[in-house]
Amino acid sequence: MIKLRFHLLEPLRFPLINRFYKSFYPAGKAKKDEIIWIGEDNSSIICCVRFKQFEHYQLLTGMLVHPEKRGGGVAKQLLTASTAQVTQAPCFCFAYSHLETLYQQAGFIVITDSELPEPLESRIRRYRQNGKNLIAMRYQH
């Protein structure tokens, strides 16, 4: 297992996250109003996850692990490290169906679209119309 340091992204390092997304997940783009957790080794960022804040809930989004580090438990370590954030407010995520087990191991449960707050319900439907195979999930303590 890779030894990483997990922590909130310092605001000065924000441009590094968008460079990371551009390299490995061009559709992802961090926004300054999001809470961003990263995992890094001594030389570079290896993984990140963003939390988009709404009035009474949050959306875990944009989780990315460097392609060369996938399959080694890094995503699970990142989700565990960010538990303090996940538990601050009700937390939802749209998981690719092949990652359902990963999120379940981190405490998320599958929910119906109707259990999502309305803005998220319309968002997941829009994403699916664009061909994304997503399931709605919510963190369960």
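Look up a bit, the structure's there.
Note that the coordinates shown come from a computational prediction; the quantities given were computed from them, not determined experimentally.

Asks: Lay out the sheet that holds strand S1 (residues 5–8) with the relevant residues and their values.
Replies: Sheet strands associate in pairs through backbone hydrogen bonding, adopting either a parallel or an antiparallel arrangement. Pairing is mixed across the open sheet formed by seven strands, whose spatial order is S1-S2-S3-S4-S5-S7-S6. The open sheet has two edge strands with one neighbour each: S1 and strand S6 (108–110). Strand after strand, the sheet turns through a mean of 25° between neighbouring axes, direction not considered. In the sheet, strand S3 (residues 45–53) pairs with strand S4 (residues 58–65) via six bridges, with the strands oriented antiparallel. Bridge pairing in S4 places Cys-48 opposite Leu-64. Of the strands in this sheet, strand S2 (35–40), S3 and S4 touch helix H1 (residues 14–24), which is tilted by about 105° from S3. Each of S3, S4, strand S5 (91–96) and strand S7 (134–139) touches helix H5 (residues 118–129); the most contacted strand, S7, lies at about 150° to it.

Asks: Give me the lowdown on the pairing of S4, citing residues and values where you can.
Replies: The buried count for S4 comes to seven of eight residues, which makes it a mostly enclosed element. Between the end of S3 and the start of S4, which pair antiparallel, lie four residues. Alignment of S4 against S5, held across three bridges, turns out to be parallel. In the strand pairing of S5, Leu-59 is matched with Phe-92.

Asks: Can you explain the packing of aromatic side chains? Please cite residues and give values.
Replies: Geometry of an aromatic ring pair is reported as the spacing of the ring centres plus the angle between the planes. Counted by the stated rule, this structure contains seven aromatic pairs. Here Phe-20 and Phe-24 contribute two aromatic rings whose centre-to-centre distance is 5.5 Å and whose plane-to-plane angle is 70°, an arrangement assigned as edge-to-face. Pair noted here: Phe-20 and Phe-24 are both in helix H1, with a separation of four residues, about one helical turn. Every member of this aromatic cluster is reached through a ring pair, and the members are Phe-54, Tyr-57 and Phe-92. Between the NZ or CZ atom of Lys-52 and the centre of the ring of Phe-54, over which it lies, the distance is 5.5 Å. Above the ring of Tyr-127, the side-chain terminus of Lys-132 is found at 5.2 Å from the ring centroid.

Asks: Would you mind going over H1 in detail, with residue names and values included?
Replies: Of the positions making up H1, those classed as buried are Phe-14, Ile-17, Asn-18, Phe-20 and Tyr-21. An end-on view of H1 places all buried positions within 155° of arc, on one side of the element. Turned more than 90 degrees away from the buried face of H1, the exposed residues are Arg-19 and Lys-22. On its buried face, H1 is in contact with S2, S3 and S4.

Cut-offs used in this document
- Residues numbered from 1 in each chain as written.
- Predicted model: local features only at pLDDT ≥ 70, side-chain atom pairs only at ≥ 80, totals over all residues.
- Heavy atoms only, no water.
- Pairing = 2+ DSSP bridges.
- Helix = DSSP H or I, 4+ residues; strand = E, 2+ residues; numbered from the N terminus.
- Axes fitted to C-alpha atoms, helices over the stretch in contact; angles between N-to-C directions.
- Contact = heavy atoms within 4.5 Å.
- Buried < 20%, exposed > 50% of the residue type's maximum accessible area, 1.4 Å probe, protein only.
- Phe/Tyr/Trp six-rings, centres within 6.5 Å; stacked < 30°, edge-to-face > 60°.
- Lys NZ or Arg CZ within 6 Å of the ring centre and 35° of its normal.
- Arc of directions from axis to C-beta.

Geometric values such as these leave the question of function open.
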